[in-house]
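Each chain, letter by letter, is given below.
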There are 2 protein chains.
Amino acid sequence: MNRIIPEPSVIRLCLMYRLMERLENNGVKTVFSPDIGENLGITAHTIRKDISFLGEIGNTAAGYDVAKLKDHIHGNLGLDKKRFACIAGLGKLGQALLNYRQFLDGDYRVIAGFDSDINNLEMLRTSVPLYPSYRMTEIVKDMGIELAVIAVPVQAAQEVANRLIAGGVKGIINFAQVNVKSKSGQVLIRNIDLYGELRILSALLNLKETASLKKVNGPDPGKED
Amino acid sequence: MNRIIPEPSVIRLCLMYRLMERLENNGVKTVFSPDIGENLGITAHTIRKDISFLGEIGNTAAGYDVAKLKDHIHGNLGLDKKRFACIAGLGKLGQALLNYRQFLDGDYRVIAGFDSDINNLEMLRTSVPLYPSYRMTEIVKDMGIELAVIAVPVQAAQEVANRLIAGGVKGIINFAQVNVKSKSGQVLIRNIDLYGELRILSALLNLKETASLKKVNGPDPGKED
DNA sequence: CCATCTCTGTGAAAAAAATCACAAAAAATT
DNA sequence: AATTTTTTGTGATTTTTTTCACAGAGATGG
Ligand SMILES: NC(=O)c1ccc[n+]([C@@H]2O[C@H](COP(=O)([O-])OP(=O)(O)OC[C@H]3O[C@@H](n4cnc5c(N)ncnc54)[C@H](O)[C@@H]3O)[C@@H](O)[C@H]2O)c1
Ligand SMILES: NC(=O)c1ccc[n+]([C@@H]2O[C@H](COP(=O)([O-])OP(=O)(O)OC[C@H]3O[C@@H](n4cnc5c(N)ncnc54)[C@H](O)[C@@H]3O)[C@@H](O)[C@H]2O)c1
């Protein structure tokens, strides 16, 4: 058993965690590695390898106890650590996120919203405290906010990231149409390009047709659609 | 030069395309591989390798012509192929996407929206034609829609995916809190978990602190934040 | 127009990740 | 209680991806 976990495994384990939550809700008590794989589009081999990075937890010949596996992942990845989050930019996308239940009562709770447009702030009905953009660094620092979501226009994104980082944010999810960076490289940043996802899909489809793609993801598929 | 392109390279090339668009808008004429790398958080080596999968295009000792590289990626990845898209589920998130400019006038144009709630459909002000959910398969087939975005509640997601696939959709982006699957494995699916991104960030931060993560991404960072 | 300097393109090497294959442990069956 | 079946956990192997290193093509500059 290895205590050093590859990043792709961490990401898959997070997906497994979500799956275990759902299975537990549905009253499922036990799962086998091929079930998990089937659900996540990953081979059973990889599933078992990923889980084994966290130590032994399965039952030989009897699979994994759903609740136990969930807690195991939870504990080992430190998901029990609660963190505060904020949303910078409360336009169409920022508002949708701001009102999303999981962001309000989950482990990574949104406790502040920021926008440069004061009128916009006054219009919004929400239980989350909202602040003008110029107070971002100060508020982030005071509230101990560690995670941030950027949903501002492309021109403002890097500047907003800088202010968040100055306030002590350690992780950022960025939806603006530009990869934002942290100069020190110490802050984790995940750039998500929603429109770009369509571009990627289209490119993969094209290449799949002309057979010039090395591999298309997903493990042994079933038979029929 | 290799005509078979690894999937990670395809994804990075799509990011490069976005960057070239922006640089061109800003009047930048030439870029060097380290610039591109710096912008995307990837090493210059990888950038050059990725580009070289598409054939020679750079100028020895003089970098890449922005417009030329953009068109080169565009052509080689088949991004010139226009495709129609639709959005299934017009709640908070679906509406934000539906009104996003790039989805309305980009190459992957949203030409239909679906919701099971007729009242909701009647309330919405948009230039995109909206349809009740039960017509999904029929409309998708008739309009020749190839790409779809799923933004329905978790319970409905797989069922909606099935209907889209029955209508002939070839690629799906799914925002519901469950990995949806295509039985044949022929349909490309990208599951995006917005809340899960926060979980991943938190897990990576925890592991970084306890030094039990194999590698944290991002190439040689600069000096200061 | 020669020397030098710069940056691409790519085979080779290294690193990382996924897959395999099987021992071993427990459950199920007879 | 012995045998068969099942399924985990993990070293070993294979595949994939990234990084390296440098030849070579062209720019630059005297
Ligand atoms: N809406 C979508 O579906 C969608 C899809 C993909 C990507 N995006 C990206 O997400 C971002 C937000 O999109 P949107 O549609 O919500 O845009 P929007 O224009 O509706 O909202 C942007 C908000 O940011 C605020 N803002 C501007 N500068 C700011 C600053 N310096 N600090 C804080 N707030 C500031 C504005 O006042 C506005 O409220 C954009 O970068 C967009 O490209 C949006
Ligand atoms: N809103 C967010 O910020 C956010 C963030 C992360 C993930 N998500 C996920 O995105 C999805 C949508 O979220 P939301 O906040 O927009 O939810 P929502 O409840 O506001 O909207 C869901 C919409 O889907 C429609 N719908 C239900 N069943 C349908 C069916 N069978 N066919 C077509 N339409 C149907 C509903 O009528 C409703 O309009 C959910 O799965 C949610 O978990 C949302």
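Source: prediction; values computed, not measured. (Residues numbered from 1 in each chain as written. Chains lettered and ligands numbered in written order. Predicted model: local features only at pLDDT ≥ 70, side-chain atom pairs only at ≥ 80, totals over all residues. Heavy atoms only, no water.)

Enquirer: Looking at this structure, I do not really get the overall build of chain A. What am I missing?
Expert: A tally of regular secondary structure across chain A gives ten helices and eight strands. Overall, chain A is about 60 × 45 × 35 Å in size when its C-alpha atoms are taken along their principal axes. When burial is assessed residue by residue, chain A has 54% of its 225 residues classed as buried. The long-range share in chain A, meaning contacts at least 24 apart out of those at least 6 apart in sequence, stands at 57%. A total of about 10500 Å² of accessible surface is found on chain A, and carbon and sulfur atoms cover 51% of it. Computed over 28 positive and 25 negative side-chain charges, the inter-centroid distance for chain A is 4 Å. (Helix = DSSP H or I, 4+ residues; strand = E, 2+ residues; numbered from the N terminus. Buried < 20%, exposed > 50% of the residue type's maximum accessible area, 1.4 Å probe, protein only. Contact = heavy atoms within 4.5 Å. Areas by Shrake-Rupley, 256 points an atom, 1.4 Å probe, with all protein chains shown as cover. Lys, Arg positive; Asp, Glu negative; His and termini not counted. Charge placed at Lys NZ, Arg CZ, Asp CG, Glu CD.)

Enquirer: Please explain the domain arrangement of chain A as it appears in this structure.
Expert: Taken domain by domain, chain A holds domain 1 (7–76) and domain 2 (83–195). Computed from C-alpha atoms alone, the centre-to-centre distance between domain 1 of chain A and domain 2 of chain A is 31 Å. (Domains from an automatic or database assignment.)

Enquirer: Hey, could you run me through the relation of the copies chain A and chain B in this one?
Expert: Between the two copies of this chain, the relationship is a rotation about some axis together with a displacement along it. Once chain A has been moved 0.0 Å along the axis and rotated by 180°, it coincides with chain B to within an RMSD of 0.0 Å. Taken together, the rotation angle and the small translation identify this as a two-fold axis. Looking at chain A, 100% of its interface residues are interface residues in chain B too, so the copies touch through the same face. (Least-squares fit on C-alpha atoms with pLDDT ≥ 70 in both.)

Enquirer: Help me understand the protein's contact with DNA strand D in this model?
Expert: Around DNA strand D sit 26 residues, and of these Gly58 and Ala61 of chain A together with Arg12, Thr46 and Thr60 of chain B come closest. Atoms of DNA strand D within 4 Å of the protein: sugar and phosphate make up 58%, bases the balance. Elements with a minimum of two residues in the surface near DNA strand D: helix H3 (44–52) of chain A together with helix H1 (7–25) and helix H3 (44–52) of chain B. A total of four residues in the surface near DNA strand D trace back to one element, the largest contributor, which is H3 of chain B. Here the residues of the surface near DNA strand D are counted per class, giving nine nonpolar, ten polar and seven charged. (Near = heavy atom within 4 Å. Nonpolar A, V, L, I, M, F, W, Y, C, P; charged D, E, K, R; others polar.)

Enquirer: Teacher, can you tell me more about the pattern of salt bridges here?
Expert: Two side chains with opposite charge may pair up if their charged atoms get near one another. Within the structure shown, the criterion is met by 26 salt bridges over all chains. Salt-bridge contacts for Glu146 of chain B lead to Arg83 of chain B; the nearest nitrogen and oxygen are separated by 3.1 Å. With Glu146 of chain B in strand E6 (residues 145–150) and Arg83 of chain B in strand E3 (residues 83–88), the pair connects residues that are 63 residues apart, well separated along the chain. As far as burial versus exposure is concerned, Glu146 of chain B and Arg83 of chain B are alike and both buried. One connected set of salt bridges, linked through shared partners, spans Arg83, Glu146 and Lys170 of chain A together with Glu209 of chain B. (Salt bridge = Lys/Arg side-chain N within 4 Å of Asp/Glu carboxyl O.)

Enquirer: It is not clear to me how the protein's contact with DNA strand C should be interpreted in this structure. Could you clarify?
Expert: Taken together, 26 residues form the shell around DNA strand C, and within it Arg12 and Thr60 of chain A together with Gly58, Ala61 and Tyr64 of chain B come nearest. Among the atoms of DNA strand C close to the protein, meaning within 4 Å, 56% are from sugar or phosphate groups. At a separation of 3.3 Å, a base nitrogen of DNA strand C approaches a polar side-chain atom of Lys49 of chain B. Residue assignment for the surface near DNA strand C shows that the elements contributing at least two residues are helix H1 (7–25) and H3 of chain A together with H3 of chain B. (Polar contact = N/O pair within 3.5 Å; in protein donor to acceptor, adjacent residues only side chain to side chain.)

Enquirer: I'm lost on the sheet that holds strand E8 (residues 188–191) of chain B in this one. Help?
Expert: By definition, the strands of a sheet pair up through backbone hydrogen bonds, in either a parallel or an antiparallel sense. With respect to topology, six strands assemble into an open sheet ordered E5-E4-E3-E6-E7-E8 (chain B), the strand pairing being parallel. Only two strands of the sheet have a single neighbouring strand rather than two, namely strand E5 (130–132) and E8 of chain B. Strand-to-strand twist of the sheet, defined as the mean angle between neighbouring strand axes without regard to direction, takes the value 25°. As paired elements, strand E4 (residues 108–115) of chain B and E5 of chain B share three bridges and run parallel to each other. Counted as the bridge partner of Gly113 of chain B is Leu130 of chain B from E5 of chain B. Across the face of the sheet, helix H10 (residues 194–209) of chain A comes into contact with E3, E4, E6, strand E7 (171–174) and E8 of chain B while running at roughly 155° to E8 of chain B. (Pairing = 2+ DSSP bridges. Axes fitted to C-alpha atoms, helices over the stretch in contact; angles between N-to-C directions.)

Enquirer: Got a minute to help me understand the nonpolar core in this structure?
Expert: Soluble globular proteins tend to pack their nonpolar side chains together in the buried interior. Counting residues in each nonpolar core, the largest one holds 105 residues, and the members touching the most others are Ile36 and Leu77 of chain A together with Ile36 and Leu77 of chain B. Not counting residues within four places of it along the chain, the set of residues in contact with Leu77 of chain B comprises Ala203, Asn206 and Leu207 of chain A together with Ile5, Val10, Leu13, Cys14 and Leu54 of chain B. (Core = buried A, V, L, I, M, F, W, Y, C linked by side-chain atoms within 4.5 Å.)

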